[in-house]
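Tertiary structure, described
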Amino acid sequence: MVKDASPESFLPLPTAVFHILIALADRDRHGYSIMQDVAARTDGTVQLSAGTLYSSVRRMLEQGLIEELSKSPDRSSTDERRRYYRLTRFGRRVAAAEVARLNHLVRQARATGLVPEG
Amino acid sequence: MQPVTLYRALLRCYPAAFRDEYGEQMLLAFSDQLNDAPGGARRAAVWTGAARDALAVAPREHWHVFLQDLRYALRTMKARPGFTTVAILSLALGIGANTALFSLWNGVLHATLPGVQRPEELVMLTDPGEAGMWRGRWDGRADGARDWVTYEEFQELRDRAGIFASVMASQSSISTWPARINVDGGGEAPEDVRGRLVSGAYFQVLGANPVAGRVFTADSDRADTTEAVVSHSFWQRRFGGRPDVIGRTLTIRNATLSIVGVMPAGFVGETSGQLPDLWVPLRLQPRVLPGNNYLHDAPPDKAMWLHLFGRLKPGVSFAEAEARANGVLQANLIAFYGAAATGERRAEFLDQRLQITEASRGASYKRAELSGSLTALMVGVGILLLIACANLANLLLARGAARRAELTLRLSLGAGRGRLMRQLVTESLVLAAAGGVAAAAVAAAMHRGLVVMLAEADPAFALSFSFDAPIAVFLVGCTFTAALLFGLLPAWQATATDASSALKEQGRGAIGTRMRGRSGRVLVGVQLALSLPLLVGAGLLARTAYNVQRIDLGVNVDNLLLARVDLRATIDDPARRDAMRQALLERIRQAPGVRSATFSQLGLFSASFSTRNIQVEGYTSQAGRDPETNVDAIGSDYFATLGMRLIQGRDIQDSDTLAAPKVCVVNESFANRYFARRNPIGLRLMVIDSDEQRTPLLVVGVARDARTRSPRGAVEPRIFVSSQQQVPGVASPTFLVRAQSDAPIAAAVRQAIMEVDANAPLMSIRTARERLALLTAQDRAIARLALAFGGVALTLAAIGLYGVLSYGVARRTSEIAVRIALGARPSRVIAMIVRETAGVVAVGVLAGGALAFAASRFIAGSLFGVEPRDPATFTVAAAVLLVVAGVAAYLPARRASKLEPVAALRSE
C-alpha cells in the first residue's frame, strides 16, 4: 500500500483506471458489474475486457485506490464466488484530482477559443 | 469446444500467481459478458477482447512479475556483497574468455574481410590458402589447380576473359624491406617496413576508401608511379597520425615512394589477419625487389606469385567464369611454351588450370594452421566456464540451504513452486547479466592479449576486436546459458524441500541438507571430471612445445648467426657478385669473435627450397621418370660450421672450383634411398637443368640428416653442391657464422659486411636461436594458454571440493563433536571426513580419464613427439588432480579433528 504518496503522483490516470473509479463511486461492485456500468455510461464506446479489468484491479489494489470486500454485500447465493471492490478514501481523492486536471484542461481549451463556451 | 474451456486455455497465458488470484473472477465476468451479448457481432467482439488480452495484457502481467523479481534480486545481491562480487567476477572472466576466443576463432576462420564493401561478391582465381612464389619450369608432378598466377597471366585474364566487372592482382606474400623514411633535414636510419605489391585496381575491387588522400588508379598499371598507400596502424605508429603524412616520401631499395593515401583503421587488405604497413604498385617490383623481374617471364620458366581477386560481371555464373578464365589461360600457355613444348612435355605444360572460389573471407594461409588450435582452445575455455558455473551452483546451493526457512514458509503460505523458482532463476539471470556486461570489457582486453601473443610468431598478424552481431549474440547466449546452468539446479533444490519437516529441523543434519550435500558432491565430481581432460591437454601441449624446442636438428644452433645479403639488388654482373660474395666471406671470417663462417643458398629454417631432376648411377626409378631432389649450393666449411656430422668422406672445400671436377655431398636420406647398401663415395649422379643440360657430380661425402629447412616434418633427400662450381654462383647468400663463445657477434659481422661494401643489401641478420624461436613461438603460446586453462580449472575444482567438504563438516559439527568427546582420535576423524568424498573423487577422476581418452584424438594434429594417449601424461595429470583434491579435502578435515567438543556443542 502506497498510502503516503500524493494523489497528484498518479496523474494522468489511464482510461481504464478512471472508469473503474467512476463505476465504484456510487456503490461497491464486482467485476462484471463494473464492466456493465462502464459500457452503459459510455454508450458502448468503452468496453472493458476481463483481462484489462483485472489487470487494472490488481494495480489499483497495490496502489491503495480500491480495496476488496471480505464478504459480498448482496446476499444472493450466486454471487458467493464473486469478489466485490470498494473505492477507498485515497481512491476518491485521486479521482477528484484527475477530475480537477481534466476540468483545468477544458477551461484552458475554452479560454483560448479552441472550443466554444458552454 | 465449450467457451469456458477455451477461456481457461487462454488464461494459461497469464502468470500463475495472477491466474490463481483472478482467474475465477475473469472466467465469471467473461461468461456473463458472453451470455449477455445481444448478437453474433457482439459475441465476436467479446472473443476478440479475450484474445487481445491474452496478447497484450498477459505479457504486461508477466513483465510486472519480472520487475518484482528483479527488484527482489537486486536487494538480495546488495545484501550479500561478497558472494555477489565473486559471482560477477567469475562470470565476467569465464564469459569474457569465451567471447574473446570466439571472436578470434570467428575472425580468423569465418569473418568476412573487414573494411571491404559487399565482400560476398568477391571471387578468387587462385588458392586462398597459399602464399609465396613458385619459379621455374612447370612439371607434371604438381596436381590440382594453380596456387598463383604470373603478372602476364593476370594482364591477359583482365583484358581478355571478359568475365570481370573489376579485377586486381596482389602479391600473395608480404615483403619486409629496410626503408628510409625521409624527414626534413636528412634521412634517418633505415627501419623495417612490411609491404605488399598490388595492381592499380586493388582498392577499387575491394571497395575500400581512404581516410586521407587517395588510392591507386589504373594509371599505376600503365606507367611507373612512385606512390605508396599506408595502413592506419602504420600512420599512427610512425607518423603520429598527423595529416602531413600525405606527400612524405620513403625510399625502398631503388624507389623513392611518395605517400598518397591512408587507409582506415580495421582495413587489412585482401589477406585476412595480415596487415602490411604499406601498399606499393605492382609495376615497381623490379625496383623494390631488385635483381629479379617477376613481371615478365622468359619461356619456358614462369614466376607465379600473384593472387587474383575480382567481382564478376552481372549474369556471369561461377562455372562460366571458370571456363572462360581457363580458356584464356590455355591460350596463354600455348603461346608461351610455343615450340618448346612438344609431345609428352606439351601435355604436361598445358596441364595447368585455374579454379574459381568465393572470397568473402579473403586469402589466409594461416587459416588451416590455426584452425585446429583455435577450436581446441575454444573447447578448453568452454569447459572452464562449465567448471566456474558448477562452483557458482554450489555456492547458490549453500545459499539456498541458508534460505530454506524463508522459502518453505512462503511455500506453506501458498506460493507456487514455479513462482519461487522463477524468482530464484531471475536472481541468477541478473547475476549473469551483470557478469555478461562486465564480460564485454574482459573480452576486448583478452582478445587483444591473444592477438599480441599470436603476433609473436607472425609480426604482421592483426585482428581487431569489433563487437558486431555474431560476437554480441555469442555473449548473450553464453550469459543466458551460464545463468541456466548455475541457477536451475539450486532453484530446484531450494524449492523442493518438504515444507513441514524443513520447518521443524534446526540445522542439524537432516534429509533436506543431505540432498543438498549429494548435489554438491555430484557437482564437484563433474568439476573433477572436466578438469582432468584440460590437464591432460595442457600436459600434451606443453610436451609438444618442449619437444619442438629440443628437436635434434642435426645442426648446432648455439652461437650461430644468420646474415642474408641479396647481391642481386646492387650488382648485375654475376662475376662481380661472385667476387663480392667471396670478399664478404673472407672479411666475415676475420671478424673478431668469429670461429668459422660459410654460406648457403637456402640458409637455415627458411621456408624456401630448390629442386632438380636427377639420374643416379646404378639406380632405376620405379615411376619411369627422373626423380627429383632438393639441392642447396654451399660455400666451403659448411658442415664444419653448422656442426653437421659427416658420416663419410669430406666437406666442400675451397679447392672445389670451376676448374676442378664437380662434386657434391649427399645427406643420409639421399644415400639410403638412391644408394641403398652401396658406398656412395666415388659414385656419380647427374643433375638435369631446366635447359635439359646434364651435369655429372661425383659424390665425395655423406652427411648426417639435419632439419635445416624446418624443425618439424621429415628430412628429405638432399644434395649439397659447391657454389663455386655453379654458374652463376649463389646470388643471395645467407652467411652462416659460428661464434667463438657466447658473446654476440652480430655487430661485428654487420661491421665486416659494411667494410666490404657500405651499400651491401643486408636483408636480415639474426641468430639461429632467434629464428627457431619465431618458428616455435606459436606452439609455446598455445602450450602456455593450455597450461593456464588447466591451472585455473584445477584451482576452481579444488575450491569447489573444499567448499563442499567444509559444508559437510559444518553440517555434522555436533556429530563430530560428540565423537571427539567420546575419545575418537583426530586421525580417525580426518579419515572419516575424507572417506566421504573419496568416492566422488574416484568417480570424477575415472570419468575425467575416460573423457580425456575419448577426446584426445581431436588434439592429435597439434602434437609433436608425443602420442595423444600418452600414458605418462595421463598418469601425471591424474596424480596432480588427486594431490590437489587431497589437499582440498585435508584442510576442512583437519579443522574438524581440532574441534573443541564442548564449545562446538554449546554453539549448536
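In this report, we go over the structure that sits alongside the text. Fair warning: this is a prediction, and the values are worked out from it, not measured in the lab.

1. With respect to the overall build of chain A
- From N to C terminus, chain A includes four helices and three strands.
- Ordered by position in the sequence, the α and β elements of chain A form the string α-β-α-α-β-β-α.
- Counting contacts in chain A only where the partners sit at least 6 residues apart, residues at least 24 apart contribute 59% of the total.
- When the accessible surface of chain A is summed, it comes to about 6800 Å², and 52% of that surface belongs to carbon and sulfur atoms.

2. A few points about the state of the cysteines
All names here are of chain B.
- Summed over all chains, the structure comprises zero disulfides over all chains.
- With no disulfide of its own, Cys-478 has Cys-389 as its nearest cysteine by sulfur position, at a separation of 8.4 Å.
- Assessed through its relative accessible area of 11%, Cys-478 is described here as buried.

3. So, the pattern of salt bridges
- The final tally for this structure, using the stated rule, is 40 salt bridges over all chains.
- For Arg769(B), the salt bridge goes to Asp558(B), with nearest N and O atoms at 3.0 Å. Placement of the pair is Arg769(B) in helix 22 (residues 768-811) and Asp558(B) in the loop between helix 17 (511-549) and strand 15 (560-565), with a sequence separation of 211 residues.
- Three or more residues are tied together by salt bridges with common partners; here these are Asp26(A), Arg29(A), Asp37(A) and Arg41(A).

4. A short note on a nonpolar patch on the surface
All names here are of chain B.
- A grouping of Tyr-802, Val-883, Val-887, Tyr-890 and Leu-891 is seen on the molecular surface, where their side chains present a nonpolar patch of about 450 Å² in accessible area.
- Broken down by element, the nonpolar patch gets its largest block of residues, four residues, from helix 25 (residues 871-897).
- Following the sequence through the fold, Val-887 ends up in helix 25.

5. Examining the packing of helix 3 (residues 40-79) of chain B against helix 4 (residues 81-110) of chain B
Residue and element names in this part refer to chain B.
- At a closest axis distance of 5 Å, the pairing of helix 3 and helix 4 adopts a crossing angle of 105°. Classified by the angle their axes make, helix 3 and helix 4 are roughly perpendicular. Where helix 3 abuts helix 4, its residues Met-77, Lys-78 and Ala-79 lie against Pro-81, Thr-84 and Ile-88.
- Of the residues assigned to the contact of helix 3 with helix 4, the class counts are four nonpolar, one polar and one charged.

6. A short note on unusual backbone geometry
- The omega torsion of the bond from Leu11(A) to Pro12(A) falls at -10°, within 30 degrees of zero and hence cis.
- The residue Pro12(A) is located in the segment before helix 1 (15-26) in this model.
- For Arg118(B), which is not glycine, the phi torsion reads 40° and is therefore positive.
- Position of Arg118(B) among the secondary structure elements: in the loop between helix 4 and strand 1 (122-124).
- A relative accessible area of 44% places Arg118(B) in the partly exposed class.
- A positive phi is found at Asp637(B), a non-glycine position, where the angle reads about 65°.
- By the secondary structure assignment, Asp637(B) is in the loop between strand 18 (628-634) and helix 19 (638-642).
- The class for Asp637(B) is partly exposed, based on a relative accessible area of 36%.

7. Describing the interface of chain A and chain B
- Contact with chain A, which involves 19 residues of that partner, is made by 19 residues of chain B.
- Across the chain A to chain B interface the summed buried area is about 1800 Å²; carbon plus sulfur atoms make up 49%.
- Sorting the residues of chain A by area buried against chain B places Tyr32(A), Tyr54(A) and Arg58(A) first, and these three jointly supply 33% of that buried surface.
- On inspection of chain A and its partner chain B, the count reaches three salt bridges.
- In this structure, the salt-bridge partner of Arg83(A) is Glu21(B), at a minimum N-O distance of 3.0 Å.

8. Observations regarding helix 15 (residues 469-494) of chain B
Residue and element names in this part refer to chain B.
- For helix 15, spanning 26 residues, the distance from its first C-alpha to its last is 37 Å, which sits close to the expected 38 Å at 1.5 Å a residue.
- Along helix 15, the sharpest change in direction is near 35° and occurs at Gly-487; proline Pro-490 comes one to four residues later.
- Those residues of helix 15 lying buried are Ile-471, Leu-475, Cys-478, Thr-479, Ala-482, Ala-483, Phe-486, Gly-487, Pro-490, Ala-491, Gln-493 and Ala-494.

9. Some thoughts on the sheet that holds strand 1 (residues 29-30) of chain A
Residue and element names in this part refer to chain A.
- One open sheet accounts for three strands, arranged 1-3-2; its pairing is antiparallel. This sheet does not close on itself; its edge strands, each paired only once, are strand 1 and strand 2 (66-68).
- With three bridges joining them, strand 2 and strand 3 (residues 84-87) adopt antiparallel strand pairing. Along strand 3, the bridge assignment pairs Glu-67 with Arg-86.
- The strands that helix 3 (residues 50-63) touches are strand 2 and strand 3; relative to strand 2, the one it contacts most, it runs at about 100°.

10. Focus on the packing of helix 23 (residues 813-821) of chain B against helix 24 (residues 826-855) of chain B
Residues and elements named next belong to chain B.
- Running from N to C, helix 23 and helix 24 point in directions that differ by 150°, and their axes come no closer than 10 Å. The orientation of helix 23 relative to helix 24 falls into the category roughly antiparallel. The handedness of the crossing between helix 23 and helix 24 comes out as right-handed. Across from Glu-815, Ile-816, Arg-819 and Ile-820 in helix 23, the residues of helix 24 making contact are Val-829, Met-832 and Ile-833.
- Partitioned by chemical class, the residues of the contact of helix 23 with helix 24 number five nonpolar, no polar and two charged.

11. Things to note about the side chain of Gln274(B)
Residue and element names in this part refer to chain B.
- Mapped onto the fold, Gln-274 is located in the loop between strand 10 (255-262) and strand 11 (278-281).
- Its relative accessible area of 5% is what places Gln-274 among the buried residues.
- In terms of polar contacts, Gln-274 uses its side chain to reach the side chain of Arg-196, at 2.9 Å.
- Setting aside residues up to four positions removed in sequence, Gln-274 forms contacts with Ile-174, Arg-196, Val-268, Tyr-365, Ala-460 and Ala-462.

12. Here we look at the environment of His62(B)
All names here are of chain B.
- For His-62, the position within the fold is in helix 3.
- Residue classification places His-62 among the partly exposed residues on the basis of a relative accessible area of 27%.
- C-alpha separation for the pair His-62 and Pro-15, spaced 47 residues apart in sequence, amounts to 5.8 Å.
- Sequence-distant contacts of His-62, defined by excluding residues within four places in its chain, comprise Cys-13, Tyr-14, Pro-15 and Arg-422.

13. A look at the environment of Asn391(B)
Residue and element names in this part refer to chain B.
- Tracing the backbone through its elements, the reader meets Asn-391 in helix 12 (residues 366-402).
- Note on Asn-391: relative accessible area 11%, which makes it buried.
- The sequence separation of Asn-391 and Leu-523 amounts to 132 residues, and the corresponding C-alpha distance is 7.9 Å.
- For Asn-391, the residues in contact, after removing those within four places along its chain, are Gln-527, Leu-796, Ile-799 and Gly-800.
- A distance of 3.0 Å separates a polar atom in the side chain of Asn-391 from the backbone oxygen of Leu-796.

Analysis parameters
- Residues numbered from 1 in each chain as written.
- Chains lettered and ligands numbered in written order.
- Predicted model: local features only at pLDDT ≥ 70, side-chain atom pairs only at ≥ 80, totals over all residues.
- Heavy atoms only, no water.
- Helix = DSSP H or I, 4+ residues; strand = E, 2+ residues; numbered from the N terminus.
- Contact = heavy atoms within 4.5 Å.
- Areas by Shrake-Rupley, 256 points an atom, 1.4 Å probe, with all protein chains shown as cover.
- Disulfide = S-S within 2.5 Å.
- Buried < 20%, exposed > 50% of the residue type's maximum accessible area, 1.4 Å probe, protein only.
- Salt bridge = Lys/Arg side-chain N within 4 Å of Asp/Glu carboxyl O.
- Patch = residues over 30% accessible without salt bridge, like charges linked within 9 Å, V, L, I, M, F, W, Y side chains within 5 Å.
- Axes fitted to C-alpha atoms, helices over the stretch in contact; angles between N-to-C directions.
- Parallel < 35°, antiparallel > 145°, perpendicular 65-115°, else oblique.
- Nonpolar A, V, L, I, M, F, W, Y, C, P; charged D, E, K, R; others polar.
- Buried area = accessible area lost by both parts, 1.4 Å probe.
- Expected span 1.5 Å × (residues − 1).
- Bend = angle between axes of the 7 residues up to and from the residue.
- Pairing = 2+ DSSP bridges.
- Left-handed = near helix turned anticlockwise from the far one by under 90°.
- Polar contact = N/O pair within 3.5 Å; in protein donor to acceptor, adjacent residues only side chain to side chain.

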